[in-house]
Amino acid sequence: KYLGLCLGGSVLLGATSPSVSPSGTIASSSVSYNGGADSSGWIPFDIRANHIYLKAVVNGHEVPALLDSGAAVIVINAPDAGRLGVVPSRTELGVGVGGATETGMARNVTIAVGKVRIKPGEVAVADHTDFNNRVGEPSSVTLGGEFFHRTVVDIDFIRRRLAFRKPDSFKAPPAAQWLSLLD
């Protein structure tokens, strides 16, 4: 169940459900914050074609990333997978906005953004070339799934920055109003 918090130009998103792979299995994952921090720190982002783009590090390689609250899992763009050390070990039917297609599933992937590091149980590997060409922006990874299931996503649209926060240490400001985004 997703929850959101709106504060004059900021949106906070978080989840109360575990990470579920497209096949419906609970994926084992880990989240850590460098130096005992309780958040990733503020991370700059750009809005292009009505999407949020930021920098991420996949297996030690800095790449352009798309933040997508609608993505059930983290998705690596298939043409970039090899150079990022992401090797699918199996396939399953992946369903997205563009329809259903065979999707590679890979383990042993680490994704860092700011001070937060997520090692999801699995990531999907799918070709996003058509989407990237349609919106005119490159993206090697789509940050969905684990980033929304395991953190509170604090988006400050006015300052064009965001932070991933530990859910158990996040305290909403007193005047905040919780809004249900998805039931």
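The rules behind each value
- Here the residue index of a chain counts from 1 through its sequence in written order.
- Selection of residues for local features in this predicted model requires a pLDDT of at least 70, selection of side-chain atom pairs for listing and counting requires 80 or more, and totals for whole chains, interfaces and linings are taken over all residues.
- Just so you know, side-chain values use all the structure's heavy atoms and leave hydrogens and water out.
- Each helix corresponds to a stretch of at least 4 residues labelled H or I by DSSP, and each strand to a stretch of at least 2 residues labelled E; elements are numbered beginning at the N terminus.
- Whether a residue is buried, partly exposed or exposed follows from its accessible area with a 1.4 Å probe, protein chains only, as a fraction of its type maximum: under 20%, in between, or over 50%, in that order.
- Note on definitions: a residue-residue contact is assigned when non-hydrogen atoms from the two residues lie within 4.5 Å.
- To be clear on the numbers: accessible area is Shrake-Rupley with a 1.4 Å probe, and residue cover counts the displayed protein chains and nothing else.
- Joining through side-chain atoms within 4.5 Å is the link that ties buried Ala, Val, Leu, Ile, Met, Phe, Trp, Tyr and Cys residues into a set, and such a set is a nonpolar core.
- The term salt bridge refers to a side-chain nitrogen of Lys or Arg lying within 4 Å of a carboxyl oxygen of Asp or Glu.
- Confidence of the predictor at the level of single residues is given by pLDDT, which spans 0 to 100.
- N or O atoms closer than or at 3.5 Å make up a polar contact, with two conditions inside protein: a donor-capable atom paired with an acceptor-capable one, and, for residues adjacent in sequence, both atoms drawn from side chains.

Participant: Teacher, can you tell me more about the overall build of the chain here?
Facilitator: Secondary structure assignment for the chain yields three helices and 17 strands. Across the 183 residues that make up the chain, the buried fraction comes to 46%. Of the contacts formed within the chain by residues at least 6 apart in sequence, a portion of 68% connects residues at least 24 apart. Taken as a whole, the chain presents about 9,200 Å² of accessible surface, with 53% of it coming from carbon and sulfur.

Participant: Sorry if this is basic, but what is going on with the nonpolar core here?
Facilitator: A general feature of soluble globular proteins is that nonpolar side chains tend to end up buried together. Ranked by internal contacts, the top residues of the largest apolar core, which has 32 residues, are Leu54, Leu67, Val86, Ile111 and Val141. Ranked by residues supplied to this core, first place goes to strand β6 (residues 51-58) with four residues. Beyond its immediate stretch of four places on either side in the chain, Leu67 contacts Ile52, Leu54, Leu143, Phe148, Val153, Ile155, Leu162 and Phe164.

Participant: Mind showing me how you'd approach unusual backbone geometry here?
Facilitator: With the exception of glycine, most residues fall at negative phi, and the peptide bonds are largely trans. A positive phi angle is found at Asn50, which is not glycine, with a value near 65°. Relative to the helices and strands, Asn50 is located in the loop between β5 (46-48) and β6. The backbone of Asn108 sits at a positive phi, close to 60°, despite the residue not being glycine.

Participant: What exactly am I supposed to notice about the pattern of salt bridges here?
Facilitator: Proximity of charged atoms lets side chains of opposite charge pair with each other. Applying the stated criterion across every chain yields a total of nine salt bridges. With a closest N to O distance of 2.9 Å, Asp154 and Arg165 form a salt bridge. Linking Asp154 in strand β15 (residues 152-156) with Arg165 in strand β16 (residues 161-165), this pair joins segments that are 11 residues apart in sequence. Note on Arg165: relative accessible area 18%, which makes it buried. A salt bridge links Arg161 to Asp156, with the shortest nitrogen-to-oxygen separation between them at 3.2 Å.

Participant: Would you take a moment to explain the confidence of the model for the chain for this structure?
Facilitator: Low-pLDDT portions of the prediction should not be read for the details of their coordinates. This prediction gives the chain a mean pLDDT of 82; 80% of its residues lie at or above 70. Strand β4 (residues 43-44) holds the highest mean pLDDT among the elements of the chain, 98, whereas strand β1 (residues 2-7) holds the lowest, 38. Taken together, the stretch residues 1-12 has pLDDT below 50 and engages in 58 contacts with residues farther than four places along the chain or on a different chain. Per-residue pLDDT stays below 50 along residues 14-26; that stretch engages in 34 contacts with residues further than four places along the chain or on separate chains.

Participant: Help me understand the environment of Tyr33, please; the structure alone is not making it clear to me.
Facilitator: Structurally, Tyr33 can be placed in strand β3 (residues 30-33). Here Tyr33 falls in the buried class, since its relative accessible area comes to 11%. C-alpha separation for the pair Tyr33 and Val116, spaced 83 residues apart in sequence, amounts to 4.5 Å. The contact partners of Tyr33, leaving out residues within four places of it in the chain, are Asp38, Ser39, Ser40, Lys115, Val116, Arg150, Thr151, Phe164, Arg165 and Lys166. Of note is the side chain of Tyr33, whose polar atom sits 3.4 Å from the backbone nitrogen of Lys166.

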